[in-house]
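# A look at the structure
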Amino acid sequence: MLLFILILRNIADCDIQSAFYFQNMVFIMRNICLFTIVYVSAAYDVKRYIVPGGLIISGMILGTVNVVIQCFTFGLLSGLRYLISALLVCSILFFVAVICKGSLGGGDIKLVSVMCLFVGLRRTLICILLACVIGILIFGFAAIIKKTIRKIPFVPAIMLSIWYILCIDTDIMQLYNM
């Protein structure tokens, strides 16, 4: 259902003639691929507290395809920005996970780097911020319901934040650019 909303939102933003151009279709397919990977990862994370490696690998492959398309469409620097951003975000989150033991899992870090391959550094940073706020809210509700909490799945918070960024991000992105 959300994928169809995503497609309709992207097509509605374009006029009928430009909706079928290559860049718009790549944009729509990129969003569908990213949201599918994050949605399945969230469902798996809720049940087993782990992000499947196969999804991460397929996300890395599709993200690399996105980087190559960005290189051919908008130039080499545009595509390399996505790749360098993913490496930077992955390195910083790994450093945070090592310092704060048990704060982030390896699957969460790899999933955020996959997300960075798809949407770039700026939107990834906003997604991380939103995911942290959503994660705190989830932890608060879980603490009210249960007295002892050992861990909570973080990927559903990432999923909600990426859904927000892909579907409703115009206002927050305009505030960010000011």
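Residues numbered from 1 in each chain as written. Predicted model: local features only at pLDDT ≥ 70, side-chain atom pairs only at ≥ 80, totals over all residues. Heavy atoms only, no water.

### Re the overall build of the chain
Filter applied, for reference: The secondary structure listing takes helices from DSSP runs of H or I that are at least 4 residues long and strands from runs of E that are at least 2 residues long, numbered from the N terminus. For every residue, the accessible area obtained with a 1.4 Å probe (protein chains only) is divided by the maximum for its type, and the residue is called buried under 20%, exposed over 50%, and partly exposed between those limits. The contact criterion used throughout is that any non-hydrogen atoms of two residues lie within 4.5 Å. Note on areas: Shrake-Rupley with a 1.4 Å probe; residue coverage comes only from the protein chains shown.
For the chain, the count of helices and strands is seven helices and zero strands. The helix and strand sequence of the chain, counted from the amino end, reads α-α-α-α-α-α-α. A total of 178 residues make up the chain; the buried ones form 38% of that total. Contacts in the chain between residues at least 24 apart in sequence constitute 70% of all its contacts with a sequence separation of at least 6. Here the chain displays about 10800 Å² of accessible surface, and carbon together with sulfur accounts for 74% of that area.

### Regarding the environment of Ile 128
Relative to the helices and strands, Ile 128 resides in helix 5 (residues 106–145). Distance in space between the C-alpha atoms of Ile 128 and Ala 157 is 9.1 Å, their sequence separation being 29 residues. When residues no more than four places from it in sequence are discounted, the contact partners of Ile 128 are Val 89, Leu 93 and Val 112.

### Re helix 3 (residues 53–74)
The following threshold applies: What a helix is expected to span follows from its residue count: subtract one and scale by 1.5 Å.
For helix 3, built from 22 residues, the straight-helix expectation of 32 Å at 1.5 Å per residue is met to within 8% by its first-to-last C-alpha distance of 31 Å. Once helix 3 finishes, Gly 75 follows within two positions and takes phi at roughly 110 degrees, a positive value.

### Observations regarding unusual backbone geometry
At Tyr 49, a position not held by glycine, the phi torsion is positive, near 55 degrees. The topology assignment puts Tyr 49 in the loop between helix 2 (22–48) and helix 3. Residue classification places Tyr 49 among the partly exposed positions, given a relative accessible area of 40%.

### Quick word on the packing of aromatic side chains
Short version of the rule: Stacked, tilted and edge-to-face are the three classes assigned to paired rings of Phe, Tyr and Trp, where Trp is represented by its six-membered ring and a pair needs centres within 6.5 Å; plane angles under 30 degrees give stacked, over 60 edge-to-face, the rest tilted.
Applying the stated rule across the entire model yields one aromatic pair. Centroid distance Phe 35 to Tyr 39: 6.2 Å. Interplanar angle 25 degrees. Geometry classified as stacked. Here Tyr 39 and Phe 35 lie together in helix 2, a separation of four residues that amounts to about one turn. On the basis of relative accessible area, Phe 35 is assigned to the buried category, the value being 5%. Given a relative accessible area of 47%, Tyr 39 falls into the partly exposed group.

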